[in-house]
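Listed here are the chains, written in short residue letters.
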Amino acid sequence: MTLDRASIVEIDKKTVWHPYTPMQQYIERARPLVIERAQGARLFDADGRSYIDGNASWWTALLGHGHPRIIEALGRQSRRLCHTALAGIVHEQAARLADELVQVAPGPLCRVFFSDDGSTAVEVAMKMALQYQRQSGQAGRTRFVALEGAFHGETLGVTALGGVELFRRPFAGVLLDCVHVPSAADGYERAFGALEQLLTESGRDIAAVVLEPLVQGAAGMRIYDARYLVMARELTRRSGVLLVLDEVFTGYGRTGPMWASEHVDVHPDILCTAKGFTAGTLPMAATLVTEQVFEAFLGDASRAFYYGHTFCGNPLGAAVAREVLAIYRDEHVLERARGKARRIAEAFAGMAEIPGVVSTRSLGMIGALELQHGDGYLAQSGWRVYEQALERGAYLRPLGNVVYVTPSLNIDDDELDALLSIVDSSVRAAVSEGS
Ligand SMILES: *Cc1c(COP(=O)(O)O)cnc(C)c1O
């Protein structure tokens, strides 16, 4: 028996604690969408209405919902092996996925550590960086560097890297030591100077610089100058600091090429991937490292990386992740997204002239605009657009006063045009309602 909409919401409001949601307001006022199913670029709710999934369900469903090959791969694998440990034993899917991933990874990344989600992929990177430095005779390197406005996930470790004050505040005083430097999104020269000065003056205390390459997603789709990555690579190499690229959001073609770092051919020491890794099907992540990093963990058993989650390398996730890579190849996903990226860029450039829109930006399959009367993450203007968009048939969860789209990479051109036109009309309606 399936429940009706009202009963689902009633149970939900009594028992579910929602992520990133002020719960008092939610319980008192929210009329949440109740999603029943999804297909391609569309979500269908319990009232029989459908919405274009403007953010590919939190940036994950890069091949749309319910891709038949993914469903098939999942079914096939589930009949053979759903789960087994990966500590010192192995299965075909994990081995082959690691091999296939290394082949598409940038530069000399050649070892793959599996985990569950974006946060753990970065958490793994942080622990690896600290232990790597210690085992390379650099025990004094215990600090991290991240960008102002950075977002790297939710575990307590990676919360230290986060540069959004509102998210850090409850944990002030107990976080790992992380220096936040100005983002190149606020000016390349200043950002360059600050990182250079920091690494020159206190580079010997630093284990790793962690960056979201080219786009700071959660900070509001803030796009920065690719030269910053080149410079960060150069400076970190010179000062013995590891460069960690968090491609959890930017990987798998979100910004155009497979990895954002490929815009400028920068090779990190450690790379993190999740979100698009299983195209939004299952929680699964990977942290890739160079042979140089890996070798520091060889030798005596006390040098091993004593870390692992129960579901590391999960066979279902691994089978799906392999199918995702195969679909990227067979369906020429990146090539075919180029024309779609142009449509996004043109549409957002056009929206710059809407009164109340302060700025617009785009990169690959990302388009964003910033609304006036901003108050950072808690701004209400984006939520007015959200409501307008729902009425018009699109799901457009904002980031504060930033309205953005990050659709599936294989969204039909017609659906994409419909989505972009809904963004345009919803922003116009919300701006005139708010003024
Ligand atoms: C979403 C995100 C994370 C966290 O991933 P989860 O799967 O939500 O834990 C980390 N880094 C970046 C850049 C992200 O966008």
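1. Points about the nonpolar core
Judged by nonpolar contacts, the single largest core of 70 residues is most densely connected at M128, F144, L161, L195, L211, M221 and Y228. Sorting elements by how many residues they give to this core places helix 6 (residues 118–135) first, with eight residues. Each of domain 1 (33–66 + 334–434) and domain 2 (69–330) accounts for three or more of the residues forming this core. Apart from residues no more than four positions distant in its own chain, M221 is found in contact with W59, V215, Q216, F249, R361, I366, A368, L399, Y404 and T406. L109, A318, V405 and I422 belong to the second-largest nonpolar core, a separate cluster that totals 54 residues.

2. Some words on the environment of A296
With respect to the element layout, A296 can be found in the loop between helix 11 (291–295) and helix 12 (315–330). Considering only alpha carbons, one finds A296 and R134, 162 residues apart in sequence, at a separation of 9.3 Å. For A296, the contacting residues outside a window of four places in its chain are Y132, Q135, S136 and R303.

3. Digging into the side chain of D45
With respect to the secondary-structure elements, D45 resides in strand 2 (residues 42–45). This buried residue, D45, is left without a salt bridge; R5 holds the nearest opposite charge, at 5.7 Å. Setting aside residues no more than four positions away along its own chain, D45 makes contact with L33, V34, I35, E36 and Y51.

4. Quick notes on the pattern of salt bridges
For the structure shown, the criterion picks out 19 salt bridges. Its salt-bridge partner being E10, residue K14 comes within 3.7 Å of it at the nearest N-O pair. Remark: E10 and K14 occur in helix 1 (residues 5–15); sequence separation between them is four residues, near one turn of the helix. Given the relative accessible area of 65%, K14 is considered exposed. Put simply, R227 and D225 hold a salt bridge, and the shortest N to O gap is 2.6 Å.

5. Focus: the domain arrangement of the protein
Interface size is commonly expressed as the accessible area that is lost once the parts come together. When its domains are assigned, the protein resolves into domain 1 (33–66 + 334–434) and domain 2 (69–330). With centres defined by C-alpha atoms, the gap from domain 1 to domain 2 works out at 27 Å. Counting from both sides, the interface comprises 24 residues of domain 1 and, opposite them, 29 residues of domain 2. Taking both sides of the interface into account, the surface hidden between domain 1 and domain 2 amounts to around 2,100 Å²; carbon and sulfur atoms contribute 75%. Per-residue buried area on domain 1 facing domain 2 is highest for W59, L63 and L334; these three make up 31% of the total on that side. Here domain 1 is connected to domain 2 by zero salt bridges. On inspection of domain 1 and its partner domain 2, the count reaches six residue pairs in polar contact (both at pLDDT 80 or more). In the side of domain 1 that touches domain 2, the residues fall into 18 nonpolar, five polar and one charged.

6. Overview of a nonpolar patch on the surface
A grouping of M1, L3, I8 and I11 is seen on the molecular surface, where their side chains present a nonpolar patch of about 440 Å² in accessible area. By secondary structure assignment, the location of I11 is in helix 1. According to the relative accessible area criterion, I11 is partly exposed, its value standing at 46%.

7. Details of helix 12
For helix 12, spanning 16 residues, the distance from its first C-alpha to its last is 22 Å, which sits close to the expected 22 Å at 1.5 Å a residue. A side-chain oxygen of the first residue of helix 12 lies 3.1 Å from the backbone nitrogen of L316; this N-cap is N314. Remark: H332 follows helix 12 within two positions and exhibits a positive phi of approximately 50°.

8. Quick word on the sheet that holds strand 13 (residues 357–363)
Taken together, three strands build an open sheet; the order of strands is 13-14-16 and the sheet is antiparallel. Pairing within the sheet leaves two strands with one partner each, and these edge strands are strand 13 and strand 16 (402–405). In this sheet, adjacent strand axes meet at a mean angle of 15° when their direction is disregarded. Pairing of strand 13 with strand 14 (residues 366–371) involves six bridges; the strand directions are antiparallel. For S362, the partnering residue across the bridge sits in strand 14 and is G367.

9. Quick word on the site of the ligand
Lining the immediate surroundings of the ligand are W59, D117, G118, S119, F151, H152, G153, E212, D246, V248, F249 and K275. Interatomic distance of 2.7 Å between a side-chain N/O atom of K275 and an oxygen atom of the ligand. Contact with the protein chains covers 84% of the free accessible surface of the ligand, which is 380 Å². Residues of the shell around the ligand, tallied by class, amount to four nonpolar, four polar and four charged.

10. Digging into the sheet that holds strand 2
The four strands lie next to each other as 1-2-3-15, forming an open sheet whose pairing is mixed. Bordering the open sheet on either side are strand 1 (35–39) and strand 15 (394–395), each of which pairs with just one other strand. Contacts between helix 15 (residues 413–434) and the sheet are confined to strand 2, strand 3 (50–53) and strand 15, with strand 3 contributing the most and set at about 95° to the helix.

11. A short note on the side chain of T236
Note on placement: T236 falls in helix 10 (residues 227–238). From its side chain, T236 meets the backbone oxygen of A232 in a polar contact 2.6 Å long. Beyond its immediate chain neighbours, meaning those up to four positions away, T236 contacts L199, V209, V241, L242 and L243.

Cut-off values and rules
- Residues numbered from 1 in each chain as written.
- Predicted model: local features only at pLDDT ≥ 70, side-chain atom pairs only at ≥ 80, totals over all residues.
- Heavy atoms only, no water.
- Core = buried A, V, L, I, M, F, W, Y, C linked by side-chain atoms within 4.5 Å.
- Buried < 20%, exposed > 50% of the residue type's maximum accessible area, 1.4 Å probe, protein only.
- Helix = DSSP H or I, 4+ residues; strand = E, 2+ residues; numbered from the N terminus.
- Domains from an automatic or database assignment.
- Contact = heavy atoms within 4.5 Å.
- Lys, Arg positive; Asp, Glu negative; His and termini not counted.
- Salt bridge = Lys/Arg side-chain N within 4 Å of Asp/Glu carboxyl O.
- Buried area = accessible area lost by both parts, 1.4 Å probe.
- Polar contact = N/O pair within 3.5 Å; in protein donor to acceptor, adjacent residues only side chain to side chain.
- Nonpolar A, V, L, I, M, F, W, Y, C, P; charged D, E, K, R; others polar.
- Patch = residues over 30% accessible without salt bridge, like charges linked within 9 Å, V, L, I, M, F, W, Y side chains within 5 Å.
- Areas by Shrake-Rupley, 256 points an atom, 1.4 Å probe, with all protein chains shown as cover.
- Expected span 1.5 Å × (residues − 1).
- Pairing = 2+ DSSP bridges.
- Axes fitted to C-alpha atoms, helices over the stretch in contact; angles between N-to-C directions.
- Near = heavy atom within 4 Å.

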